[in-house]
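# Descriptive analysis of the structure
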Amino acid sequence: MKFTNSLAFAKEQDKKDPLKKFRKKFLFPQYKGSDALYFVGNSLGLQPASVSKYIQVELDDWAKLASEGHFDAHNPWYSYHEIFTKPVAKLMGAKDDEVIIMNQLTLNLHLLMVSFYRPKGKRYKIVCESNAFSSDNYALQTQVQLHGYNPADAIIEVAPRKGEHTLRTEDIIKTINKNADEIALVLFGGINYLTGQVLDMPRITAAAHKAGILCGFDLAHAAGNIEVKLHDWDVDFACWCTYKYFNSGPGAVAGAYINQRHVKNIRLLRLGGWWGYDKKTRFIMDKKFIPMKSAEGWQLSNAPVLSMAAHKASVDIFTEAGGMPPLRKKSLMLTAYLEFIINRINEKIKDKNLKLEIITPIDPAQRGCQLSIIAQGIGKDFYNALTKAGVFCDWRNPNVIRLAPVPLYNSFEDVWKFGQVAEKLLLQTK
Ligand SMILES: *Cc1c(COP(=O)(O)O)cnc(C)c1O
């Protein structure tokens, strides 16, 4: 596709966009009387306009039915999480019995590590990325400590090579093979939060399995962003939050995936709670814990329905849009257009120090919608100026600005306008 840096071209693409009607389904923050340029759907997705209606249904049922709502509500609360089974399994490339919407992300990561980080003898180490998200680092460190190991020894980090920003699959696989008989778990962010790099999840999983090691992914930045095929890739487990690309609101309920071969094993160690108990006999309230033979068997508590109602609003929009394939198709174009616009800006900037360096992989297969840039010369001043000019983007230490044009609600015009704002700011900078 040949791109042009013009408003007319951007508008033409928007007119041809089969997903264009979805923009209107979201509430944009306003800047000077019109929609702000919102590129932080990777941090907090916009609110679907329908959310308040979805939540109101539950509030009304709560008011009218009170405790009867568990079974008689429009969406019975007792089984509310089951609403998500089919659509979420589809969105995550999983089988129906492999997914569950529950808790929040870091908690799910801990719960899954209880089952899948089972150090034994010489095998107690975890392989992960050197620039993992803080919460994941804390989860890994404290899990390792829970088993009596020292994180400095038990956590093996794979880092980008000198002078590079992203990981090479071959380096990850080499690390796995080199330390194979000491490793208990391979755990990576499927998309790195900082660089936006999509890892080769099927190859990493296969390498781990070949060495007899379990493999999991944190999909916080992948869920609702790229097409994942967790079941076909044979991933052991994964977890994600739903407030990023899944637009389900601040602190929203999260998701987890557990491979079929594990969910059927009711002897697999886990932390138990009554909602993980076999639902046919849950209310016998027997003392012995018998988990369900599905990902539901990892639930602890009854469903947080108000949070789940917001998630339902968003999942319904994803389903209406046709799931991930059409979204990904637009996303590839939209992000390529942002890359094109940034490259055009760089051409106009004489001062090498002011050029924007894209650290996200250029290969579209290795990225989702996020582009991470380093504004070498002006760093945070550039970020602050963008924010003041009505551009929502974010800053991550030490020097990265992240921009994520989201296919559900961002337009080519948004991306073009960003280019105009950024170019003006950079050309003004002395
Ligand atoms: C956003 C994000 C989190 C946030 O964790 P919560 O438990 O949802 O607060 C954790 N890990 C990664 C990789 C993230 O991107």
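The rules behind the values
Residues numbered from 1 in each chain as written. Predicted model: local features only at pLDDT ≥ 70, side-chain atom pairs only at ≥ 80, totals over all residues. Heavy atoms only, no water. Helix = DSSP H or I, 4+ residues; strand = E, 2+ residues; numbered from the N terminus. Rg over C-alpha atoms; globule rule 2.2 N^0.38 Å. Buried < 20%, exposed > 50% of the residue type's maximum accessible area, 1.4 Å probe, protein only. Contact = heavy atoms within 4.5 Å. Areas by Shrake-Rupley, 256 points an atom, 1.4 Å probe, with all protein chains shown as cover. Lys, Arg positive; Asp, Glu negative; His and termini not counted. Charge placed at Lys NZ, Arg CZ, Asp CG, Glu CD. Pairing = 2+ DSSP bridges. Axes fitted to C-alpha atoms, helices over the stretch in contact; angles between N-to-C directions. Domains from an automatic or database assignment. Buried area = accessible area lost by both parts, 1.4 Å probe. Salt bridge = Lys/Arg side-chain N within 4 Å of Asp/Glu carboxyl O. Polar contact = N/O pair within 3.5 Å; in protein donor to acceptor, adjacent residues only side chain to side chain. Parallel < 35°, antiparallel > 145°, perpendicular 65-115°, else oblique. Left-handed = near helix turned anticlockwise from the far one by under 90°. Nonpolar A, V, L, I, M, F, W, Y, C, P; charged D, E, K, R; others polar. 1 Å grid on protein atoms, 1.4 Å probe; cavity = no way out; pocket = protein on both sides within 12 Å on 5 of 7 lines; lining within 4 Å. Points joined across faces, edges and corners; volume = space filled by probe spheres on them.

## As for the overall build of the protein
Looking only at helices and strands, the protein has 14 helices and 17 strands in total. Its C-alpha atoms give the protein a radius of gyration of 23 Å, within 12% of the compact-globule value 22 Å for 430 residues. For the protein, the spread of C-alpha atoms along the principal axes amounts to about 70 × 60 × 35 Å. Burial status across the protein gives 56% buried among its 430 residues. Within the protein, residue pairs in contact and separated by at least 24 positions form 70% of the contacts whose partners lie at least 6 positions apart. Taken as a whole, the protein presents about 18900 Å² of accessible surface, with 55% of it coming from carbon and sulfur. Distance between charge centres in the protein, computed from 56 positive and 43 negative side chains, equals 3 Å.

## So, the pairing of strand S6 (residues 99-102)
Both faces of S6 are covered, namely the face carrying Val 99 and Ile 101 and the face carrying Ile 100 and Met 102. As paired elements, S6 and strand S12 (residues 254-258) share four bridges and run antiparallel to each other. Counterpart to Val 99 in the pairing with S12 is Tyr 257.

## Describing the pairing of strand S7 (residues 125-129)
Counting buried residues along S7, five of its five residues qualify, which places the element largely inside the surrounding structure. Judged by which residues are buried, S7 turns out to be covered on both faces: Lys 125, Val 127 and Glu 129 on one side and Ile 126 and Cys 128 on the other are all buried. Two elements, S7 and strand S9 (residues 183-189), share three bridges in a ladder whose sense is parallel. The partner of Ile 126 across the bridge, within S9, is Leu 185.

## Points about the sheet that holds strand S17 (residues 400-403)
A sheet is described by the order of its strands in space; here four strands give the open sequence S13-S14-S17-S16, paired in antiparallel fashion. A single partner strand is all that each edge strand has here, and the edge strands are strand S13 (356-358) and strand S16 (394-396). Geometrically, the sheet is characterised by an average inter-axis angle of 35° between neighbouring strands, direction not taken into account.

## Let's talk about the domain arrangement of the protein
If you check the domain split of the protein, you get domain 1 (7-35 + 323-429) and domain 2 (53-320). The centre of domain 1, based on its C-alpha atoms, is set 30 Å off from the matching centre of domain 2. Between domain 1 and domain 2, a total of about 2100 Å² is buried, with carbon and sulfur atoms accounting for 60% of that surface. Interface area lost by domain 1 to domain 2 is led by Met 324, Ile 359 and Gln 370, which between them contribute 25%. Scanning the region where domain 1 abuts domain 2 turns up two salt bridges. Residues Glu 320 and Lys 21 are paired through a salt bridge, measuring 3.2 Å at the closest nitrogen-oxygen approach. Linking domain 1 with domain 2 are eleven residue pairs in polar contact (both at pLDDT 80 or more). Only helix H12 (324-348), strand S14 (371-375) and S17 provide two or more residues apiece to the side of domain 1 that touches domain 2.

## Comments concerning the packing of helix H5 (residues 105-116) against helix H6 (residues 134-146)
The interhelical angle for the contact between H5 and H6, taken along N-to-C directions, is 30°, at an axis separation of 10 Å. Our classification of the angle between H5 and H6 gives roughly parallel. In this structure, H5 meets H6 at a crossing whose hand is right-handed. In this structure, H5 uses Thr 106, Leu 109, His 110, Met 113 and Val 114 to contact H6, whose residues at the interface are Ser 135, Asp 136, Ala 139, Leu 140, Thr 142 and Gln 143. Across the contact of H5 with H6, the residue classes break down as five nonpolar, five polar and one charged.

## Describing empty space enclosed by the protein
In the structure shown here, the tally under the stated rule is two cavities of 30 Å³ or more. Considering only enclosed or pocket space, the largest cavity measures out at about 60 Å³ in volume. Surrounding the largest cavity, Glu 129, Asn 131, His 165, Thr 166, Leu 167, Phe 188, Gly 189, Asn 192, Thr 195, Gln 197 and Leu 199 form its lining. Here the lining of the largest cavity is composed, by residue class, of three nonpolar, seven polar and one charged. Within this model, the second largest cavity holds a volume of roughly 30 Å³. Taken together, Gly 224, Tyr 245, Phe 318, Leu 327, Val 406, Pro 407 and Leu 408 form the lining of the second largest cavity. Here the lining of the second largest cavity is composed, by residue class, of six nonpolar, one polar and no charged. Both domains that meet at the lining of the second largest cavity, namely domain 1 (7-35 + 323-429) and domain 2 (53-320), each give it at least three residues.

## Quick look at the sheet that holds S12
With mixed pairing, the seven strands of this open sheet are ordered in space as S6-S12-S11-S10-S9-S7-S8. Two strands lie at the open edges of the sheet, namely S6 and strand S8 (155-158), each paired on one side alone. Each neighbouring strand pair of the sheet contributes to a mean axis angle of 20°, computed without reference to strand direction. Pairing of strand S11 (residues 237-240) with S12, which is carried by four bridges, proceeds in the antiparallel orientation. What sits directly across from Ala 238, in S12, is Tyr 257.

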